[in-house]
Amino acid sequence: MNRKGLLPNLFIITLSYFALGFVSILFANLALLCMVLPFILLAKAKKKLWCQTYCPRASLLDAAGKKTNWRKNPSLITSGKLRGIMLWYFGLNLLFITGSTIQVAMLRMEAMQYIRLFIAIKLFSLPQLITFQAPLFLMHLSYRFYGMMASTTILALVLSRIYRPRIWCAVCPIGTISDATLRVQRKMKP
Ligand code: SF4
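I will try to describe carefully the structure that is included in this document. Note that this is a predicted model, so its numbers are computed, not measured. (Residues numbered from 1 in each chain as written. Predicted model: local features only at pLDDT ≥ 70, side-chain atom pairs only at ≥ 80, totals over all residues. Heavy atoms only, no water.)

### Details of empty space enclosed by the protein
Logical step 1: According to the stated counting rule, one finds one cavity of 30 Å³ or more in the structure shown.
Logical step 2: By volume, the largest cavity is sized at about 80 Å³.
Logical step 3: In terms of lining residues, the largest cavity is bounded by Y89, N93, F96, I97, R116, L117, F118, I119, R144, G147, M148 and S151.
Logical step 4: The set of elements that each furnish at least two residues to the lining of the largest cavity consists of α6 (81–105), β1 (116–117) and α7 (136–162).
Logical step 5: Residues that form the lining of the largest cavity fall into these classes: seven nonpolar, three polar and two charged. (1 Å grid on protein atoms, 1.4 Å probe; cavity = no way out; pocket = protein on both sides within 12 Å on 5 of 7 lines; lining within 4 Å. Points joined across faces, edges and corners; volume = space filled by probe spheres on them. Helix = DSSP H or I, 4+ residues; strand = E, 2+ residues; numbered from the N terminus. Nonpolar A, V, L, I, M, F, W, Y, C, P; charged D, E, K, R; others polar.)

As structure tokens, then:
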């Protein structure tokens, strides 16, 4: 991966994402872009263009991560275990988000209009600068996306301060799925 190819100051996008949650939590649904764009670019460029050039999280980690005295990667990462765990976490999270949003839409479950970190840690609702009359399932979905993005960003930042800036990229589910997609694409090449 070309680690010098990121466009400058993309971290502003990540910071803006979390700030926009205070304007209206509905902006949290922009997280979908971060999940879809990497694969659209991958399909077009046949390489990890998102990771190499456009990833705002990588930019944030470069800016905020440890600059010197990098530590050796822990065995949890070198063994690939954490990568597997994060992939499961990501998959289960998406499953819970989809399932619970459908349940809320069908009036079988109350909307959870608060942030939850790492699926389990209940936090609070965000003060809203603008209040839209949005359906409850959309509010629920927005808070779920915001919580998921906040959880992984916090984890990535903690790792970047303990070890090295981009250590998160070794376990990032988007990076893992991109790698797997590329491998399949190469195998299918005539
Ligand atoms: S691996 Fe994840 S965090 Fe790292 S550059 Fe790619 S999408 Fe961004």
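Next comes the rest of the description.
### Overview of the layout of surface pockets
Logical step 1: There is about 610 Å³ of room inside the largest pocket.
Logical step 2: Around the largest pocket, the lining is made up of 32 residues, and of these C34, W50, P56, R57 and M149 lie nearest the centre.
Logical step 3: Those elements giving two or more residues to the lining of the largest pocket turn out to be α1 (11–23), α2 (31–45), α3 (49–54), α4 (56–64), α7 and α8 (173–188).
Logical step 4: With six residues, the single largest contributor to the lining of the largest pocket is α1.
Logical step 5: When grouped by side-chain class, the residues that make up the lining of the largest pocket number 25 nonpolar, five polar and two charged.

### Let's talk about the site of the ligand
Logical step 1: What surrounds the ligand is the set W50, C51, C55, A58, W168, C169, C172, I174 and G175.
Logical step 2: When contributions to the shell around the ligand are tallied by element, the ones reaching two or more residues are α3 and α8.
Logical step 3: Of the residues that constitute the shell around the ligand, the class distribution is eight nonpolar, one polar and no charged. (Near = heavy atom within 4 Å.)

### Details of the pattern of salt bridges
Logical step 1: One pass over the full model with this rule turns up two salt bridges.
Logical step 2: Close ionic contact of K48 with D179 constitutes a salt bridge, the shortest N to O distance being 2.9 Å. On the criterion of sequence distance, the pair formed by K48 in the loop between α2 and α3 and D179 in helix α8 is long-range, its members being 131 residues apart.
Logical step 3: By relative accessible area, D179 is classed as partly exposed at 31%.
Logical step 4: Across the salt bridge formed by R166 and D62, the nearest N and O atoms sit 3.0 Å from each other. Here the residue R166 occupies a position in the loop between α7 and α8, and D62 occupies one in helix α4, the gap between them amounting to 104 residues.
Logical step 5: Judged by relative accessible area, which is 9%, R166 ranks as buried.
Logical step 6: Under the relative-accessibility criterion, D62 is labelled partly exposed at 30%. (Salt bridge = Lys/Arg side-chain N within 4 Å of Asp/Glu carboxyl O. Buried < 20%, exposed > 50% of the residue type's maximum accessible area, 1.4 Å probe, protein only.)

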